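Examination of the molecular architecture
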Amino acid sequence: MKRKNIRFALYLSFLFALTCLNQLPVYSTFAYPTLSTNQINQLKQHILSLINQERASFGLRPVELDDFASKVAERHCQEMLDYEFTSHWNQAGLKPYMRYSYAGGVDAVMENVAGKWSNSGLDPARIPSIVEQLHLAMFNEYPPNDSHRRTILQPQHTHVGLAFFFNQNRLQIAEEFVARYVDVEPIARKIKLGEDIVIKGELLFEATELHTIDVFYEPFPEKMTVDFLNRTTQYGFPKDRLVLHTKTADGYSYPDGTTGSIEVDKETGKFSCLISSKEGKPGIYTLVVWINHEGRKFPATNICVEVK
């Protein structure tokens, strides 16, 4: 795959996104006046426009509305609406990067969620304005409680998925911000303990270098009650991790004496790495490729592999 200049590629993607409409699941299951598909699509475009205005005010690139990320957001919104909770976790105990990966995604993802409910009912005519209010409330946060605002303004984001689900008394929204810088070959998402994990991919843009690959370990998640979900706050990667480095030139080594395990072709941006689970234990291993792009280091993948 030919590597591209990200500024030009994202500009074209943004123009294309503003001319396209994405569809949400049908709302006809609710015995309640609903927004039409066209109204939902217009609302998505409006929130996308707000996000890109906010990013532009800080000199950041626009993001493109992404259908896959939107579907991941939709599934989470539907569950939050049906079971009346607002959380980055779902009832199975899966965090955003797990849900995105389990759906088939490989990119790094950061999530914003919010909700509003009323015992007296929500006026369907006010749904668009409430969605806007919820988004603006996240953007207008102040430090140190400004995690939603910081998610919106992460420079590396290239795409976003949007979803808004509602019924008579409750509205849930989810924003899945995506950093898409790596094309990864199909990888086994479930393996047996002792088997190897092989990750192969290619950096998509110029001015990009692979820095390291982190392998985060955590036990299989446990189911969560709605009461507990409504008390959760921020999420993150677990502390248990293995850091893998790119292979050194002949005669050189890292301070710990190792010579690295990631093969990288700097001309093509292609890379590969074999990761053994022989000394590990059952659980979820999340592969995070860290890259340097235009002077910044950030994660470009969140790939979860179940090891049993």
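This structure is a prediction, so every number in the text was calculated from the model and none was measured. Note that residues are indexed from 1 along each chain, following the sequence as it is written. Restriction of local features to residues with pLDDT of at least 70 applies here, the model being predicted, together with a cutoff of 80 or more for giving and counting side-chain atom pairs; totals for whole chains, interfaces and linings are based on all residues. Excluded from the side-chain calculation are hydrogens and water; included are all heavy atoms of the structure.

Turning our attention to the overall build of the protein chain. Per the convention used, a helix needs a DSSP run of H or I reaching at least four residues, while a strand needs a run of E reaching at least two, with both numbered from the N terminus. Assigned secondary structure in the protein chain consists of seven helices and 14 strands. Only protein chains enter the calculation, and the probe is 1.4 Å; a residue is then buried if its accessible area is under 20% of its type maximum, exposed if over 50%, and partly exposed in between. Counting across all 308 residues of the protein chain, residues that qualify as buried make up 50%. For the protein chain, contacts bridging at least 24 residues in sequence account for 73% of all contacts bridging at least 6. Contacts: residue pairs with any heavy atoms within 4.5 Å of one another.

This part covers the nonpolar core. Grouping buried Ala, Val, Leu, Ile, Met, Phe, Trp, Tyr and Cys residues that are joined through side-chain atoms within 4.5 Å yields what is termed a nonpolar core. Counting residues in hydrophobic clusters, the biggest one holds 31 residues, and the most contacted among them are Tyr-181, Val-182, Ile-199, Phe-271, Ile-275, Leu-287 and Ile-291. Where this core is concerned, the elements lending two or more residues are strand S5 (182-184), strand S7 (196-203), strand S8 (208-218), strand S11 (270-276), strand S12 (283-293) and strand S14 (303-307). The residues touching Leu-287, leaving out its near neighbours within four places in the chain, are Ile-187, Ile-197, Ile-199, Asp-214, Val-215, Ile-275, Thr-301, Asn-302, Ile-303 and Val-305. Within the second largest apolar cluster, 27 residues are counted, among which are Val-63, Leu-65, Ala-114 and Val-160.

Any residue range with low pLDDT should be treated as having predicted coordinates unsuitable for detailed reading. The predictor reports its confidence for every residue as pLDDT, a score running from 0 up to 100. Residues with a pLDDT of 70 or more make up 89% of the protein chain, whose mean pLDDT is 90. Within the model, pLDDT remains below 50 along residues 7-31, and this stretch shows 46 contacts once partners closer than five positions in the same chain are excluded.

This part covers the packing of helix H2 (residues 37-56) against helix H5 (residues 127-139). Between H2 and H5, the shortest axis-to-axis distance is 11 Å and the interhelical angle comes to 20°. Overall, the two elements H2 and H5 adopt an arrangement that is roughly parallel. Relative to H5, H2 is oriented so that their crossing is right-handed. Note on element contacts: H5 touches H2 through Pro-128, Val-131, Glu-132, His-135, Leu-136 and Phe-139, opposite Leu-43, His-46, Ile-47, Leu-50, Ile-51 and Glu-54. To obtain an axis, a line is fitted to C-alpha atoms, over the contacting stretch when the element is a helix, and the angle between two such axes runs from 0 to 180 degrees between their N-to-C directions. Geometric relationships in this document are graded by angle, where less than 35 degrees denotes roughly parallel, more than 145 denotes roughly antiparallel, 65 to 115 denotes roughly perpendicular, and other angles denote oblique. If you view the pair so one helix is near and one far, a crossing is left-handed when the near helix is turned anticlockwise from the far one by less than a right angle, and right-handed when it is turned clockwise.

Burial of S8 is extensive: nine of the eleven residues sit out of reach of the surface. A pair of strands is considered paired only if DSSP assigns at least 2 bridges between the two. Of the strand pairs in this sheet, S8 and S12 are connected by ten bridges, and their pairing is antiparallel. Paired with Glu-218 across the two strands is Ile-284, which belongs to S12.

A separate point is the environment of Gly-260. Counting through the fold element by element, Gly-260 comes out in the loop between strand S9 (241-245) and strand S10 (262-265). In this structure the C-alpha to C-alpha distance between Gly-260 and Ala-249, which are eleven residues apart in sequence, comes to 9.7 Å. Non-local contacts of Gly-260, meaning those with residues more than four positions away in its chain, are made with His-245, Thr-246, Lys-247 and Tyr-254.

This part covers the side chain of Asp-214. Within the secondary structure, Asp-214 is located in strand S8. Asp-214 gets classed as buried once you look at its relative accessible area, which sits at 2%. Within polar-contact distance, the side chain of Asp-214 engages the side chain of Trp-290 at 3.0 Å. Setting aside chain neighbours within four positions, we find Asp-214 in contact with Arg-241, Leu-242, Val-243, Thr-286, Leu-287, Val-288 and Trp-290. Each polar contact in these results corresponds to two N or O atoms within 3.5 Å; when the atoms are within protein, one needs to be able to donate a hydrogen and the other to accept it, and residues that are neighboring in sequence are counted only if both atoms are side-chain atoms.

What follows deals with the pattern of salt bridges. Oppositely charged side chains are able to pair whenever their charged atoms sit close together. A carboxyl oxygen of Asp or Glu within 4 Å of a side-chain nitrogen of Lys or Arg is what we treat as a salt bridge. Counted under the stated rule, the structure contains eleven salt bridges. For the salt bridge of Asp-146 with Arg-150, the shortest nitrogen-to-oxygen distance reads 2.9 Å. Notably, a salt bridge pairs Asp-214 with Arg-241, separated by 2.6 Å at the nearest N-O pair. Here Arg-241 lies in strand S9 and Asp-214 lies in strand S8, a separation of 27 residues in the sequence. Judged by relative accessible area, Arg-241 falls into the partly exposed class, the value being 47%.

Further remarks concern the sheet that holds S5. Two pairing modes exist for strands in a sheet, parallel and antiparallel, and in both the strands are linked by backbone hydrogen bonds. What the four strands build is an open sheet, ordered S5-S7-S11-S10; its pairing is antiparallel. Both outer strands of the open sheet, S5 and S10, are each paired with one neighbouring strand and no more. Averaged over all pairs of adjacent strands, the angle between strand axes in this sheet comes to 20°, irrespective of strand direction.

On to helix H3 (residues 67-83). Multiplying 1.5 Å by the residue count of a helix minus one yields the expected span of that helix. For H3, which comprises 17 residues, the first-to-last C-alpha distance of 24 Å matches the rise-based estimate of 24 Å (1.5 Å per residue) to within 8%. Among the residues making up H3, those that are buried are Ala-69, Ser-70, Val-72, Ala-73, Glu-74, His-76, Cys-77, Glu-79, Met-80 and Leu-81. Buried positions along H3 lie against H2, strand S1 (64-65), helix H4 (96-102), strand S2 (108-117), strand S3 (159-166) and strand S4 (170-179). At the N-terminal end of H3, a side-chain oxygen is found 3.3 Å from the backbone nitrogen of Phe-68, two or three residues along, and the residue is Asp-66.

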